[in-house]
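Spelled out from the first residue to the last, the chains are:
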Amino acid sequence: MSDPSPIPAQGRIASGGLILLAATSLCWGLSWPVSKYVISEWPPLPARGLPGLVGSVLLFAYAALRGESLVVPRAQWGRVLVSTFFNVTVWMVVMGLALLWMPAGETAVIGFSMPVWTALLAWPLLGERLTGKRMLALVLGFSGIAALMGADGFAASAERLPGVALALTGAIGFALGTIFVKRFPIQLPGATSAAWQIGLGCIPVSLIGCIVTPPRFDALTAYGWAALIYLTLIQFCLAYLCWFAALRRLPASVAAIGTMATPVIGVVTSAIVLHEPLGLGQIAALVMTLAGVALATRS
């Protein structure tokens with residue numbers, strides 16, 4: 001007789017992966033209003049870079065405790081640096097600055113349109129065919145951004161145009177980094193890879209930020225300190241650990257679609273905590289962008 005025990009074991013693995021994925025989306029979703037609050041007390045670059053540096057040290061410690069090697073093989077350094085530039089440095093800088101012009105929820109919606117841009121850029125860079133689903137995903141993605149631009153009238157849209165441009169730059173940059181890693185995979189354990197990329201990516205962000213706009217620790221309120229601690233421990237440590245653990249248990253497509261909860265959480269919590277607008281325009285933009293992401297990740 002065959003042993004039926006592997007069937008429930010598989011079920012437990014899938015359930016555990018979904019729980020980890022939900023935790024990742026929750027942590028990342030809440031980080032948008034938290035980041036928006038932090039930059040009300042601190043300059044955006046130090047507010048983004050310094051928590052990342054501390055978070056990378058904690059991830060290095062975690063990887064060492066697990067017995068993972070912290071050494072990056074010479075052949076992997078180029079891949080690590082390119083991925084770091086697009087997926088960490090560019091993302092951290094432009095998204096932090098975008099929050100100066102845009103609400104946190106809307107920034108999250110544009111930022112998490114990166115699968116749409118990945119589908120588009122994979123056509124010329126990886127030779128992946130631009131299918132009908134991917135073309136529809138692009139249309140929905142552009143429509144979502146257009147809905148955001150027109151949500152509060154032309155004058156308001158013109159004022160936040162720099163924020164939209166910065167958020168789009170971050171999404172497209174992250175898409176380029178994703179395509180690069182898909183073409184040239186980084187052969188490192190998950191925690192080690194995250195530690196190196198977050199640490200290296202946050203060094204220039206922190207240095208430039210501290211030189212150009214030095215942060216004042218006495219300017220932080222108790223809520224500001226709590227927000228920085230959240231970004232350090234939850235956004236950069238717990239969320240990344242949950243993400244890599246979820247990837248080990250779930251198909252990549254399921255994990256990618258699951259992260260669509262992140263901008264939803266960002267929009268809703270920003271509306272509740274920061275009293276950001278949540279009208280028909282914002283809801284329409286959210287629905288169209290998420291539909292575009294869903295098509296992009298399934299095509």
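See the structure shown above.
The written sequence of each chain sets the order in which its residues are numbered from 1. Given that the model is predicted, a residue must reach a pLDDT of at least 70 before its local features are reported, and side-chain atom pairs must reach 80 or more before they are shown or counted; all residues, however, enter totals for whole chains, interfaces and linings. Only hydrogens and water are set aside; all other atoms, that is, all heavy atoms of the structure, feed into the side-chain values.

1. A closer look at the overall build of the protein
Part 1 of the reasoning: Secondary structure follows DSSP: runs of H or I at least 4 residues long count as helices, runs of E at least 2 residues long count as strands, and numbering of each begins at the N terminus. Scanning the protein for helices and strands turns up 13 helices and zero strands.
Part 2 of the reasoning: Buried residues in the protein amount to 48% of all 299 residues.
Part 3 of the reasoning: The contact criterion used throughout is that any non-hydrogen atoms of two residues lie within 4.5 Å. Sequence-distant contacts in the protein: of pairs separated by 6 or more residues, those separated by 24 or more amount to 88%.
Part 4 of the reasoning: Where accessible areas are quoted, they stem from the Shrake-Rupley method and a 1.4 Å probe; at the residue level, only the protein chains shown are allowed to cover. In the structure as shown, the protein presents an accessible area of about 14000 Å², 73% of it carried by carbon and sulfur atoms. The buried label applies to any residue whose accessible area, calculated with a 1.4 Å probe on protein chains only, is under 20% of its type's maximum; exposed applies above 50%, and partly exposed to all values in between.

2. Let's talk about empty space enclosed by the protein
Empty space among the atoms can be located by rolling a probe the size of a water molecule over them.
Part 1 of the reasoning: Grid spacing is 1 Å over the protein atoms alone, the probe is 1.4 Å, and a cavity is where that probe fits but cannot get out, while a pocket is an open set with protein on both sides within 12 Å along at least five of seven lines and lining residues have an atom within 4 Å of a point. Grid points are joined across faces, edges and corners, and a volume is the space filled by probe spheres set on the points. One pass over the full model with this rule turns up one cavity of 30 Å³ or more.
Part 2 of the reasoning: For the largest cavity, the calculated volume is near 50 Å³.
Part 3 of the reasoning: Every residue lining the largest cavity is listed: Pro103, Gly105, Glu106, Val267, Ser270, Glu276, Pro277 and Gln282.
Part 4 of the reasoning: Elements with a contribution of two residues or more to the lining of the largest cavity: α4 (104–111) and α12 (261–273).

3. A few points about the packing of aromatic side chains
Part 1 of the reasoning: Only rings of Phe, Tyr and Trp enter the pairing, Trp through its six-membered ring, and a pair is recorded when the two centres are within 6.5 Å. The plane angle decides the type: under 30 degrees is stacked, over 60 is edge-to-face, the rest tilted. Tallying each qualifying case throughout the model produces 12 aromatic pairs.
Part 2 of the reasoning: Between Trp28 and Trp243 the ring centres are 5.8 Å apart and the planes differ by 50°, which places this aromatic pair in the tilted class. Here the residue Trp28 occupies a position in helix α1 (residues 6–38), and Trp243 occupies one in helix α10 (residues 222–249), the gap between them amounting to 215 residues.
Part 3 of the reasoning: For Trp243, a relative accessible area of 18% puts it in the buried group.

4. A short note on the layout of surface pockets
Part 1 of the reasoning: Of the pockets and cavities examined, the second largest pocket occupies roughly 180 Å³.
Part 2 of the reasoning: Lining the second largest pocket are Leu30, Pro33, Val34, Tyr37, Tyr223, Ala226, Ala227, Tyr230, Thr269, Val273 and Leu274.
Part 3 of the reasoning: Just so you know the grouping, Ala, Val, Leu, Ile, Met, Phe, Trp, Tyr, Cys and Pro go in nonpolar, Asp, Glu, Lys and Arg go in charged, and all remaining residues, Gly too, go in polar. When the residues that make up the lining of the second largest pocket are grouped by side-chain class, the tally is 10 nonpolar, one polar and no charged.

5. A short note on the side chain of Glu276
Part 1 of the reasoning: Tracing the chain through its elements places Glu276 in the loop between α12 and α13 (280–298).
Part 2 of the reasoning: Buried and without a salt bridge, Glu276 has Lys36 as its closest oppositely charged side chain, separated by 5.2 Å.
Part 3 of the reasoning: Counting of polar contacts relies on pairs of N or O atoms within 3.5 Å, with two restrictions inside protein: one atom must be capable of donating a hydrogen and the other of accepting it, and residues adjacent in sequence are counted only when both atoms are side-chain atoms. At 2.7 Å, the side chain of Glu276 forms a polar contact with the backbone nitrogen of Ala104.
Part 4 of the reasoning: Excluding residues that lie within four positions of it along the chain, Glu276 makes contacts with Lys36, Pro103, Ala104, Gly105, Ser270 and Ala271. Within this scheme the basic residues Lys and Arg register as positive and the acidic residues Asp and Glu register as negative, but His and the chain ends are omitted. By salt bridge we mean one thing: a side-chain nitrogen of Lys or Arg within 4 Å of a carboxyl oxygen of Asp or Glu.

6. Description of the pattern of salt bridges
Part 1 of the reasoning: Under the defined criterion, the tally for this structure stands at three salt bridges.
Part 2 of the reasoning: Of the charged contacts in the structure, one is a salt bridge between Arg160 and Glu106, with a shortest N-O distance of 2.8 Å. Taken as a pair, Arg160 in the loop between α7 (154–159) and α8 (161–183) and Glu106 in helix α4 lie far apart in primary sequence, 54 residues in all.
Part 3 of the reasoning: The exposure class of Glu106 is buried, given its relative accessible area of 4%.

7. Things to note about the nonpolar core
One recurring pattern in soluble globular proteins: nonpolar side chains tend to sit buried together.
Part 1 of the reasoning: We call a set of buried residues a nonpolar core when its members are Ala, Val, Leu, Ile, Met, Phe, Trp, Tyr or Cys and they connect through side-chain atoms within 4.5 Å of each other. Ranked by internal contacts, the top residues of the largest apolar core, which has 56 residues, are Trp32, Val34, Val38, Trp42, Met95 and Ile110.
Part 2 of the reasoning: It is α10 that contributes the most residues to this core, seven residues altogether.
Part 3 of the reasoning: The contact partners of Val38, leaving out residues within four places of it in the chain, are Ala47, Ala227, Leu228 and Leu231.
Part 4 of the reasoning: Counting residues in each nonpolar core, the second largest holds 11 residues, with Leu59, Val88, Cys202 and Phe236 among its members.

8. With respect to unusual backbone geometry
Part 1 of the reasoning: With a phi angle near 60°, His275 is a residue other than glycine that sits in the positive phi range.
Part 2 of the reasoning: Within the secondary structure layout, His275 lies in the loop between α12 and α13.
Part 3 of the reasoning: Assessed through its relative accessible area of 68%, His275 is described here as exposed.

That's the geometry; what it means functionally is another story.
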